[in-house]
Every structure is written in structure tokens, then in C-alpha cells.
Amino acid sequence: QIRGDNTTIFENRSPVRVCVDLRGATQSTSQNLTITFTPQLKPSATNQATPDEDFNSTVLTEVIQPGQTEVCVDIIIGNDRVVEGNEEFCVQLSSENNDIDFGSEPCHICVTIMDPTTVCPLIADVMLVVDGSQSIMP
């Protein structure tokens, strides 16, 4: 099985590193395994990240070579400086090698982009003084 862990990144900390490894393997592969990483929309996301705006949706390919058990790619995150809340997208995994098991999850790796912009609530201390003149003074 080849798996990758979900990951989180702040929007202003691009790129995000996404890695996959040979889960449960006691040794590395004996042949080259070409893995394709496809960044795309996450159908079940409450707040979907927008392809090519919030994240670069370019398909990336890496090879797990004999002797290796892990391979990583970097996905560029867009820093639009718009207050949007946290957003999510998926990275789907595939390979030309049909013997590779990526699991049946609809989203192989979930990336959460955390919005670094926080909105501070307006806080004001106001003291009103009412005197005998029937007027209000700040």
C-alpha cells in the first residue's frame, strides 16, 4: 500500500510538502514506482480551496526508486490575503502500475490551508455620564 498523511499549512507559508510512503513495507521496492500527484477540489469540503488561485493544480510525478520507501512533492499555495477562513483540497494518487493499492478513500490526501488573517473584534470602552442637564456626555 502507498499512503500519505493529511497535512495543514498556513496560506502564507507556501509551498506545502506532500509525501507518500510504502505503508507496512518492511523493505523498499525492488523496481521504480512512478506516483502521480493530482491536486484537485475536495468534494466534501465545507470550504473548498479554488484550483490555481488557492493552490497550484499542476499534476506532479515522482518516482520511488529501489532502496527508497518515501517520495515527496511541493505544491504551491496562493497567498491572496483575503479573509476566507480555512480551505481544503485533495491530492489524488495514481500510477501506471495497476498493482499499487492507494486505498478507496475519495480523497487520498487532504490539505487544509489555514487563513493567517484574523479579524479582531472591535472592542471599545465607553462611559456615559448623565447629569441633571438631560444631555449625554462621553
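What you see is a predicted model, and the numbers here were worked out from it, not measured in a lab.

Okay, the sheet that holds strand β7 (residues 87-94) next. Strand order in the open sheet formed by five strands is β2-β8-β7-β4-β5, and the pairing between neighbours is mixed. Two strands in the sheet have a free side with no partner beyond their single neighbour: β2 (7-10) and β5 (60-64). Neighbour-to-neighbour, the strand axes of this sheet turn through a mean angle of 25°, independent of strand direction.

This part takes up the nonpolar core. Among the nonpolar cores identified, the biggest contains 24 residues, and Ile 2, Val 18, Ile 35, Phe 37, Phe 89 and Val 91 are the most heavily contacted of them. Considering each element in turn, this core owes the most residues, four residues, to strand β3 (residues 16-22). In contact with Val 18, other than residues within four places in its own chain, are Phe 37, Val 71, Cys 72, Val 73, Ile 75, Val 91, Ile 109 and Val 111.

Two cysteines form a disulfide when their sulfur atoms are joined by a covalent bond. Enumeration according to the criterion identifies two disulfides in this entry. Covalent S-S linkage joins Cys 19 and Cys 72, the inter-sulfur distance amounting to 2.0 Å. Here Cys 19 and Cys 72 share a disulfide; its torsion about the S-S bond, 105°, makes the bridge right-handed. Of this pair, Cys 19 sits in strand β3 while Cys 72 sits in strand β6 (residues 70-75), and the two are 53 residues apart along the sequence. The exposure class of Cys 19 is partly exposed, given its relative accessible area of 22%. Cys 90 shares a disulfide with Cys 107; S-S distance 2.1 Å. Taking the sign of the S-S torsion, about -130° here, the bridge from Cys 90 to Cys 107 comes out left-handed. Linking Cys 90 in strand β7 with Cys 107 in the loop between β7 and β8 (109-114), this pair joins segments that are 17 residues apart in sequence. Taking the relative accessible area as the measure of exposure, Cys 90 reaches 0% and is therefore buried. Of note for the protein chain: the bonded cysteines, numbered N- to C-terminal, pair according to 1-2, 3-4. Unpaired in this structure, Cys 110 has its nearest cysteine sulfur neighbour in Cys 107, at a distance of 5.0 Å.

Per-chain confidence: the protein chain averages 83 in pLDDT, with 80% of residues scoring 70 or above. Within the protein chain, strand β9 (residues 129-130) has the poorest average pLDDT of any element, 54, and β6 the best, 95.

For the bond running from Ser 14 to Pro 15, omega is 0°, close enough to zero to count as cis. Despite not being glycine, Asp 52 shows a phi value in the positive range, around 65°. Here Asp 52 is to be found in the loop between β4 (33-41) and β5.

Criteria and thresholds
- Residues numbered from 1 in each chain as written.
- Predicted model: local features only at pLDDT ≥ 70, side-chain atom pairs only at ≥ 80, totals over all residues.
- Heavy atoms only, no water.
- Pairing = 2+ DSSP bridges.
- Helix = DSSP H or I, 4+ residues; strand = E, 2+ residues; numbered from the N terminus.
- Axes fitted to C-alpha atoms, helices over the stretch in contact; angles between N-to-C directions.
- Core = buried A, V, L, I, M, F, W, Y, C linked by side-chain atoms within 4.5 Å.
- Buried < 20%, exposed > 50% of the residue type's maximum accessible area, 1.4 Å probe, protein only.
- Contact = heavy atoms within 4.5 Å.
- Disulfide = S-S within 2.5 Å.
- pLDDT = per-residue confidence, 0-100.

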